[in-house]
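Now for the letters of each chain:
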Amino acid sequence: MDTHEARSDAELLKAALAGDETSFLLLYEKLKGGIFRYAFYMTNSIAAAEEVTQDVFMTLLNEGGNFRQERGDVGAFVFGIARNMIRRVKRRERHYQPLPDDDAIQRLAASLMTDPEALQRKMIYNQAVEQMRATISSLPDHYAQPVILCDLCEFSYAEAASRLGCAVGTVRSRLNRAHALLARKLKPLKNPETGIQAAGTEGCVI
Amino acid sequence: MNCREVRSYLEQNSLITDFQDESAQIAQHILGCTECSRLVEAQKETRLGLCLLRTSAPEVPTSLDAAVLANYRRQIATQPLSAAPWHWRTALLKWGLAGASVAALVVYAVIAVRKPSNTVSTPPLIVTPAPPKTAEVVRDSPPHGVAHKRPLVTPRPKQWNTNAVPRQAETVASASTLAQPFADDFRSLMYCDELICGGGMEVVRVHLPAQPAGLLLPSAPTNRVVSADVLVGADGFARGIRIVH
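Rules behind the numbers
- Residues numbered from 1 in each chain as written.
- Chains lettered and ligands numbered in written order.
- Predicted model: local features only at pLDDT ≥ 70, side-chain atom pairs only at ≥ 80, totals over all residues.
- Heavy atoms only, no water.
- Helix = DSSP H or I, 4+ residues; strand = E, 2+ residues; numbered from the N terminus.
- Buried < 20%, exposed > 50% of the residue type's maximum accessible area, 1.4 Å probe, protein only.
- Contact = heavy atoms within 4.5 Å.
- Areas by Shrake-Rupley, 256 points an atom, 1.4 Å probe, with all protein chains shown as cover.
- Salt bridge = Lys/Arg side-chain N within 4 Å of Asp/Glu carboxyl O.
- Buried area = accessible area lost by both parts, 1.4 Å probe.
- Polar contact = N/O pair within 3.5 Å; in protein donor to acceptor, adjacent residues only side chain to side chain.
- Nonpolar A, V, L, I, M, F, W, Y, C, P; charged D, E, K, R; others polar.
- Axes fitted to C-alpha atoms, helices over the stretch in contact; angles between N-to-C directions.
- Parallel < 35°, antiparallel > 145°, perpendicular 65-115°, else oblique.
- pLDDT = per-residue confidence, 0-100.

Caption draft 1: Broad picture of the overall build of chain B. When helices and strands are tallied, chain B shows six helices and five strands. Along chain B, helices and strands appear, N-terminal first, in the series α-α-α-α-α-β-β-β-α-β-β. By residue count, 28% of the 245 residues in chain B fall in the buried class. Within chain B, residue pairs in contact and separated by at least 24 positions form 65% of the contacts whose partners lie at least 6 positions apart. When the accessible area of chain B is evaluated, it comes to approximately 16300 Å², of which 59% is carbon and sulfur surface.

See below:
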């Protein structure tokens, strides 16, 4: 096991393609978290993230022979596959509106019965998270990608640059502009009362 | 710290969630600068929101691990995976393509070299009447081999290559399409009924050894060569002959 852990990702991939299950599991453990979270934030769906992660590793097994170490690391190669998969999933799912799953509704009902205050806090929290998620989704792709990779998946600038295939400075500047855009978009959502005041009493229907 | 430094600091440290270290300097500046104060507040809120979203990320389901492992085992069982054969096939394909390209270039070059370059066009050769008595022709003996000297090309607008050097003495051929019969100048060959045939006719100048062809008297030297114009029909058969000299 120690010899496996000392190996680089490229060596692990080669061994995995040759049929070494331990190498495959090590590589999977290294990469699965990043891929899953990236897919989740990009699609806003756990089911889609699971599907993408599974397909990415299947594709890696089939296309792993095409990997060239001089072009980048295995992580970047796998992220390239993931990005293509996510694009395909998003294209397929764009006509559908996701529904909350049954488990979530049941959990919500249970917490309503046991602890109404906690439920309120939870709803505020969920609302803030949903707002943030929707705002990131509304960003142009070249701004959303650095935010997801650096802020949410916790990659460094260099790692994000390697995954996105651009310079570190580009990632840095795009991230800064993305933060400014996010702040501008979130501002009216944080202070909704200003909008109501501007509408006046005649604007109220009830 | 001035406004520019505050903005630069925020830009350089986009990943930092809180500004604890520089809080003293930043706080000192934003006390007197409302714009920077607003900017820092907005950045803090954004980063807190991102942090919130980050902590809300779901864990990787355990069912996924099992599914991926099962897929891997199935894949290994169904087909042997190896990185090496793919490289081998790719390399083989590349070299094969390169070899085919080179072969195609060589063939093209050979064809281009063998093809005569028709660059300069000249007016068609006009056959002038032969001098009355240049040589004695023996009528009884048909000139053998004349019919075989016809050009292989089909009649077309003639082009003349001035740079071309004849390879053999008997193929200093000049051809031109004739519109009229040359009954006066050309002598009919014995196996042809008429000097006229359907379609265009060509005149081919040939050099013939005089003695075997029977064109000169037996007393003449054996190594003499006779220049003659042969009238060739569109069907490729010689129709007439004219001794030039």
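Caption draft 2: Highlighting unusual backbone geometry. Residue and element names in this part refer to chain A. If you check the backbone angles, N44 has positive phi at about 60° while not being a glycine. Turning to its location among the elements, N44 is positioned in the loop between α3 (21-43) and α4 (46-63). On the accessibility criterion, N44 (31% relative accessible area) is partly exposed. Residue E154 is not a glycine yet carries a positive backbone phi of 60°. Positionally, E154 belongs in the loop between α8 (141-152) and α9 (157-164). A relative accessible area of 52% means that E154 is categorised as exposed.

Caption draft 3: Main features of the pattern of salt bridges. Evaluated as defined, the whole model comprises 11 salt bridges over all chains. The residue R37 of chain A makes a salt bridge to E154 of chain A at a minimum N-O spacing of 3.9 Å. In this pair, R37 of chain A sits in helix α3 while E154 of chain A sits in the loop between α8 and α9, placing the two residues 117 residues apart along the sequence. One connected set of salt bridges, linked through shared partners, spans E29 and K32 of chain A together with D65 of chain B.

Caption draft 4: Expanded view of the interface of chain B and chain A. Counting from both sides, the interface comprises 40 residues of chain B and, opposite them, 48 residues of chain A. Together chain B and chain A conceal approximately 3900 Å² of surface at their shared face, both sides included; 64% is due to carbon and sulfur atoms. Across the chain B-chain A interface, the total number found is three salt bridges. Taken together, the connections running from chain B to chain A amount to nine residue pairs in polar contact (both at pLDDT 80 or more). Broken down by secondary-structure element, the contributors of at least two residues to the side of chain B that touches chain A are α1 (3-12), α3 (34-55), α4 (62-78) and α5 (84-114) of chain B. Here the element with the most residues in the side of chain B that touches chain A is α3 of chain B; it accounts for 12 residues. Considered class by class, the residues forming the side of chain B that touches chain A number 19 nonpolar, 13 polar and eight charged.

Caption draft 5: Representation of the packing of α1 of chain B against α3 of chain B in the model. Residues and elements named next belong to chain B. Two elements in contact, α1 and α3, have axes separated by 10 Å at closest approach and are oriented at 10°. Relative to α3, the element α1 lies roughly parallel. Seen from α1, the contacting residues are C3, V6, R7 and L10; seen from α3, they are E35, C36, L39, V40, Q43 and R47. Of the residues that constitute the contact of α1 with α3, the class distribution is six nonpolar, one polar and three charged.

Caption draft 6: Molecular detail of α8 of chain A. Residue and element names in this part refer to chain A. Counting buried positions along α8 yields 10 of 12 residues, so the element is predominantly enclosed. Taken as a whole, α8 has its buried residues at Y143, A144, Q145, P146, V147, I148, L149, C150, D151 and L152. Downstream of α8 by a residue or two, E154 has a phi angle that is positive, lying close to 60°.

Caption draft 7: Looking closely at the confidence of the model for chain A. Per-residue pLDDT for chain A has a mean of 81; in total, 83% of the residues score no lower than 70. Confidence drops under pLDDT 50 across residues 194-206 of chain A; counting only partners more than four residues distant or on other chains, this segment forms zero contacts.

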